[in-house]
Amino acid sequence: MLFSTLKLLFLDNELKCLCSFCFPASDIAPEVASYSDVAKQIIDLAVFGAARNRSYRRLADFTDTIGNRVSGSQNLEMAIKYMHKAMTQDGLDVHLEPVKIPHWVRGQESAEMILPRAKSLAILGLGSSVGTPPEGIQAQVLVVQSFDELKQRASEATGKIVVFNQPFVSYGETVAYRAFGASEAAKLGAVATLIRSITPFSINSPHTGWQDYQDGVKHIPTACITVEDAELMWRIAQRGQAIIVKLIMGAKTLPDADSFNTVAEIRGWQHPEQVVLLSGHLDSWDVGQGAMDDGGGAMISWEALSLIKDLGLRPRRTLRTVLWTAEEQGGVGAQQYFNLHKVNLSNFDLVMESDLGTFTPVALQFTGSDAAWKVMEEVVKLLAPINTTKLEMHGEGTDISPWMQAGIPGASLHVADSRYFWFHHSEGDTMTVQNPRDMDLCSALWAVVAYVVADLEDMLPR
């Protein structure tokens, strides 16, 4: 998941129903309720039937075979070919849509505290960072806990490696240090930055992610360090002791690479031009397996189509699963998809994205008009057999945000995600994090919502 994946705060009075055919709740409720038997069939197949554990097995086979899949890498190219073949063999209509994506390479990297004692520091360079000279950068460290403190101590930053030891408040708030720390320090003459990993929990595990250089500001090397090492250097600095660190980073940015968004469909029988879109992103960072972020989201978006196909169901509208490329670099593949398909904006009924883990589902998050909200309230009632009948405000996702900003209804999964940022963008993002039953439940929810919305007599009201 990208740092810019923040909840799109559409206030109640900002999205009003603009169409002339808004469903009165009394009219839509019986129509949606008529799908209760179909919903139960989907849930039974996913959770108790022949498809039980299938999405988990698919994810394990995929991540164990391919590994992590950073933008521009051969592994990502292999992953796209793997999924194209697998979904085609599953009997779906599959094609690839070409895009250009960033190609940043980590290279060899290391960091060591020289003074006041020798200690190796676990680091992960941040995406788009420049490298150091081959001999590295050795400099005294300035440790700060906020941007405000950095400004207050601006005169001390010149020629230093700035270490940010910001406390974790929330991902949405704290990620600003990873995103903008390098440029803020560079403005004051710093030679490099080390950012405390954006996580509430650590076992000496660095967490990577994308960072943004500001225009007109010198590009300096930047990496994340562990919570433990950031706090260690803070304590040492508080005692008035000098800290010297040597940083070596071989990072570089290569020309943009060719890639693809991977698209699979079940075409609608009545309105094939109208689309309910399900999605997750196929790329990951270059650590761990990318099982949680976002292999799970990609797999349940495939599994939803498999469940519907296995039951011989075909909705009025087209169900389209898109596995995005280069989400971690800023939703690059998804933005190009939007630019290509926005000419058909009025034909997109609902856009869905799973990119906050596939742990136990808690609710469906939704952004849309008041009238669409009333429809979705009825749809989630069909999920009573798996106890996920709650509808919450604000669908979210980097990849679907352009559609929601254009007024298309959007939905995302709310899961029991308290552990998500423990493993996020780290070596800990592996299959060990995943649970087969949780993935079955997420797949069932995803399939029921997508199928019912795609098969209703009318599209969701704008």
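Structure report, in brief. (Residues numbered from 1 in each chain as written. Predicted model: local features only at pLDDT ≥ 70, side-chain atom pairs only at ≥ 80, totals over all residues. Heavy atoms only, no water.)

Our next topic: the environment of Val-245. Note on placement: Val-245 falls in strand E9 (residues 244-249). You can call Val-245 buried: its relative accessible area is 0%. Measuring from C-alpha to C-alpha, the distance between Val-245 and Trp-403 comes to 45 Å, with 158 residues separating the pair along the chain. In this view, Val-245 contacts Glu-112, Met-113, Ile-114, Leu-121, Ile-137, Gln-138, Ala-139, Val-141, Ile-161, Leu-194 and Met-233; residues no more than four positions away in its chain are not counted. (Helix = DSSP H or I, 4+ residues; strand = E, 2+ residues; numbered from the N terminus. Buried < 20%, exposed > 50% of the residue type's maximum accessible area, 1.4 Å probe, protein only. Contact = heavy atoms within 4.5 Å.)

In a packed pair of helices, the relevant descriptors are the angle between the two axes and the axis-to-axis distance. As a packed pair, helix H3 (residues 54-66) and helix H13 (residues 436-455) sit with axes 7 Å apart at the nearest point and diverge in direction by 115°. Relative to H13, H3 is oriented roughly perpendicular. Where H3 abuts H13, its residues Arg-54, Ser-55, Tyr-56 and Leu-59 lie against Pro-436, Met-439, Asp-440 and Ser-443. Within the contact of H3 with H13, the residues separate by chemical class into 4 nonpolar, 2 polar and 2 charged. (Axes fitted to C-alpha atoms, helices over the stretch in contact; angles between N-to-C directions. Parallel < 35°, antiparallel > 145°, perpendicular 65-115°, else oblique. Nonpolar A, V, L, I, M, F, W, Y, C, P; charged D, E, K, R; others polar.)

This part covers the packing of aromatic side chains. Each pair of aromatic rings is reported with the distance of its centres and the angle of its planes. Scanning the model with the defined rule gives 16 aromatic pairs in all. Ring centres of Trp-422 and Phe-423 lie 6.2 Å apart, and the angle between their planes is 55°; this geometry places the pair in the tilted category. Within the aromatic cluster, the residues linked to one another by ring pairs are Trp-324, Tyr-337, Phe-338, Phe-348 and Trp-403. The residue whose ring lies beneath Arg-58 is Trp-302, and the NZ or CZ to ring-centre distance is 3.7 Å. (Phe/Tyr/Trp six-rings, centres within 6.5 Å; stacked < 30°, edge-to-face > 60°. Lys NZ or Arg CZ within 6 Å of the ring centre and 35° of its normal.)

By secondary structure assignment, the location of Gln-405 is in helix H11 (residues 401-405). On a C-alpha basis, the gap between Gln-405 and Ile-198 in space is 27 Å, while along the polypeptide they are 207 residues apart.

This part takes up the packing of H3 against helix H8 (residues 291-310). Relative orientation of the contacting elements H3 and H8 amounts to 130°, with a least axis distance of 9 Å. Judged on the interaxial angle alone, H8 and H3 are oblique. Pair H3 / H8 crosses with right-handed handedness. Each of Arg-54, Ser-55, Arg-58, Leu-59, Phe-62 and Thr-63 in H3 lies in contact with H8, whose residues at this interface are Ala-291, Gly-295, Gly-296, Met-299, Trp-302, Glu-303, Ser-306, Leu-307 and Asp-310. Grouping the constituent residues of the contact of H3 with H8 by class yields 6 nonpolar, 5 polar and 4 charged. (Left-handed = near helix turned anticlockwise from the far one by under 90°.)

The subject of this paragraph is the pairing of strand E8 (residues 222-225). Because side chains alternate across E8, one face comprises the buried residues Thr-222 and Cys-224, and the other comprises Ala-223 and Ile-225, equally buried. When strand E4 (residues 123-125) meets E8, the two strands line up antiparallel, connected through 3 bridges. Across the sheet, residue Leu-124 finds its bridge partner in E8, namely Cys-224. Across 4 bridges, strand E7 (residues 192-196) lies against E8 in parallel orientation. (Pairing = 2+ DSSP bridges.)

Before going further, it helps to spend a moment on helix H9 (residues 332-341). Along H9, the positions that sit buried rather than exposed are Val-332, Gly-333, Ala-334, Tyr-337, Phe-338 and His-341. Lining the buried residues of H9 we find strand E1 (93-105), strand E10 (252-266), strand E11 (271-281), strand E12 (317-324), strand E13 (348-353) and H11.

In this section: helix H7 (residues 227-238). Under the 1.5 Å per step criterion, the end-to-end length of H7 is 16 Å for 12 residues, consistent within 8% with the ideal 16 Å. All of the buried residues along H7 are Val-227, Asp-229, Ala-230, Leu-232, Met-233, Trp-234 and Ile-236. (Expected span 1.5 Å × (residues − 1).)

In terms of nonpolar packing, the biggest core is built from 88 residues, with Leu-319, Leu-350, Met-352, Leu-364, Met-376, Trp-446 and Val-449 touching the most fellow members. If you tally residues by element for this core, the top one is H13, at 14 residues. Residue contributions to this core reach at least three from each of two domains, namely domain 1 (28-104 + 257-455) and domain 2 (107-250). Filtering out sequence-adjacent residues up to four positions away, Val-449 remains in contact with Leu-350, Met-352, Leu-364, Met-376, Val-379 and Leu-383. Counting 48 residues, the second-largest nonpolar core is a separate cluster that includes Ala-111, Leu-142, Ala-157 and Val-162. (Core = buried A, V, L, I, M, F, W, Y, C linked by side-chain atoms within 4.5 Å. Domains from an automatic or database assignment.)

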